[in-house]
Amino acid sequence: MRVGIFSDVHGNLEALEQVLRTLKAEHCDEIVFLGDAVGYGPQPDECVAAIAEVASLAILGNHDDAVLGRTNPFFFNDLALRAVLWTGRVITQETRAGLGRYELVGRRDGIFFVHATPVNPPAWEYLHDITDTERNFAAFTERICFIGHSHTPGGFASGAEGGFYPLPGQGRITLNPRNRYIINVGSVGQPRDGDPRACFALYDQQTGIVEFHRVEYDVQKTQQLMRTRRLPEMLALRLQFGH
Ligand code: ZN
């Protein structure tokens, strides 16, 4: 199975369309979305509709959940909070229903999918370093888990002989069949690793290769729409730096 995995679109339709175009050319057997369709960006309705068209599995993110009024957005930082409140005001009933169908976790062909962490999905924690990895590897039984949430591609391997080690968030990783993996696919609509291009991953089960892809999109077009819609200027600016 060849699976395309993308996450953290955050209402950025320009970025999403470029990613979906690239994915289409890759002829995936399945396309999985790992959460946060909305929040930050100017086109939440369009993004939720486009994701529903292509994804055979859509996972719930913290911004999606906050817009639905379940996760309390007052724990978000000020800019994220303003964007979530704006999103909640403008989206259609259909979009709301679409977000309501997202699943907290998913499993396909021996792969585990979750937005934030395997150990406690609705807590929306971050898996930043090796200290968090042991309890997270213990929280799922599959060999591989794909996550999003931090907007930073990369991940961790759990070695067959014990020990954990970090993975690069670019290029190709050839998975060792004896190891287990937690892999972050980065963000489509608001990358934070210093590269402003949209990010997603391809996983080929037959070859065991995970490839990180970066795709250029019209950042200015998204920024202009954000300004027209009076979303916070800082959120528009950060897109051009990928932070
Ligand atoms: Zn996000």
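The structure under discussion appears in the preceding block.
Residues numbered from 1 in each chain as written. Predicted model: local features only at pLDDT ≥ 70, side-chain atom pairs only at ≥ 80, totals over all residues. Heavy atoms only, no water.

**Some points on the environment of Ala-83**
Heads up, the condition is: Strands here are runs of E lasting at least two residues and helices are runs of H or I lasting at least four, both read from the DSSP assignment and numbered beginning at the N terminus. Residue burial is assigned from relative accessible area. The probe radius is 1.4 Å, only protein chains are included, and a residue is buried under 20% of its type maximum, exposed over 50%, and partly exposed in between. Contacts: residue pairs with any heavy atoms within 4.5 Å of one another.
With respect to the helices and strands, Ala-83 occurs in helix α4 (residues 78-90). By relative accessible area, which is 0% here, Ala-83 ends up buried. The sequence separation of Ala-83 and Leu-231 amounts to 148 residues, and the corresponding C-alpha distance is 6.5 Å. Discounting residues that sit within four places of it in the chain, Ala-83 has contacts with Tyr-40, Leu-231 and Leu-235.

**Here we look at the side chain of Asn-179**
Along the chain, Asn-179 turns up in the loop between β9 (172-174) and β10 (180-184). Discounting residues that sit within four places of it in the chain, Asn-179 has contacts with Arg-143, Ser-158, Gly-159, Ala-160 and Tyr-165.

**Considerations on the packing of helix α7 (residues 219-228) against helix α8 (residues 233-241)**
Here is the rule we go by: Here an angle of 0 to 180 degrees is reported between the N-to-C directions of two axes, which are lines fitted to C-alpha atoms, with helices fitted over the stretch in contact. Roughly parallel covers angles under 35 degrees, roughly antiparallel covers those over 145, roughly perpendicular covers 65 to 115, and oblique covers all other angles. Charged means Asp, Glu, Lys or Arg here, nonpolar means Ala, Val, Leu, Ile, Met, Phe, Trp, Tyr, Cys or Pro, and polar covers whatever is left, Gly included.
For the pair α7 and α8, the least separation of the axes is 9 Å and the interaxial angle reads 180°. Classed by the angle they form, the pair α7 and α8 counts as roughly antiparallel. Residues Val-219, Thr-222, Gln-223, Met-226 and Arg-227 of α7 touch α8, and the partners they reach there are Glu-233, Leu-235, Ala-236, Leu-237, Leu-239 and Gln-240. Here the residues of the contact of α7 with α8 sort into six nonpolar, three polar and two charged.

**Comments concerning the sheet that holds strand β3 (residues 57-58)**
For clarity, the cut-off: Strands were regarded as paired on the criterion that DSSP finds at least two bridges between them.
Here six strands make up an open sheet; going across it, the order is β3-β2-β1-β11-β12-β9 and the pairing mixed. Each edge of the open sheet carries a strand with a single partner, namely β3 and β9. The pairing of β9 with strand β12 (residues 209-215) spans three bridges and is antiparallel. Residue pairing across strands places Thr-174 opposite Ile-209, the latter belonging to β12.

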